[in-house]
Amino acid sequence: MKKISTSALAKIHGTAAKELFNQFTEQGFIVRDGESWALTKAGESNGGEYQESAKFGKYIVWPESIQIESQGEVDSTQTSQSLMTAKNLASHFDI
């Protein structure tokens, strides 16, 4: 089974690498460990492994076939209720 980096996986799925790192963090597959990423048990059980490269150092690879959850469309009512902009905050407190 071929394994590829998170960045290469993002490219295949037409998403930004940063978004895929965020998604894998939310799914509990990886965590930030200082300046690098660390696999969790969930990440390992989903096929994540470490690979070493002279050029890139230690990085995480995934099976090409790993299922990427679709972020889907954002529900604007949910967003407006869960995120507070300065305008919403001022309105809420009648400022």
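Residues numbered from 1 in each chain as written. Predicted model: local features only at pLDDT ≥ 70, side-chain atom pairs only at ≥ 80, totals over all residues. Heavy atoms only, no water.

Per the secondary structure count, the protein chain includes five helices and five strands. When the elements of the protein chain are put in sequence order from the N terminus, they spell out β-α-α-β-β-α-β-β-α-α. Across the 95 residues of the protein chain, 23% fall into the buried class. Put simply, of all contacts in the protein chain between residues at least 6 apart along the chain, 38% involve residues at least 24 apart. Of the roughly 7200 Å² that the protein chain leaves accessible, carbon and sulfur atoms contribute 51%. (Helix = DSSP H or I, 4+ residues; strand = E, 2+ residues; numbered from the N terminus. Buried < 20%, exposed > 50% of the residue type's maximum accessible area, 1.4 Å probe, protein only. Contact = heavy atoms within 4.5 Å. Areas by Shrake-Rupley, 256 points an atom, 1.4 Å probe, with all protein chains shown as cover.)

Take the nonpolar core next. Counting residues in each nonpolar core, the largest one holds twelve residues, listed as Ile4, Leu9, Ala10, Leu20, Phe21, Phe24, Phe29, Ile30, Leu39, Ile60, Trp62 and Ile66. Those elements giving two or more residues to this core turn out to be α1 (6-12), α2 (17-26) and β5 (57-63). Ranked by residues supplied to this core, first place goes to α2 with three residues. Leave out the neighbours within four places in its chain, and Leu20 touches Thr6, Leu9, Ala10, Thr15 and Ile68. (Core = buried A, V, L, I, M, F, W, Y, C linked by side-chain atoms within 4.5 Å.)

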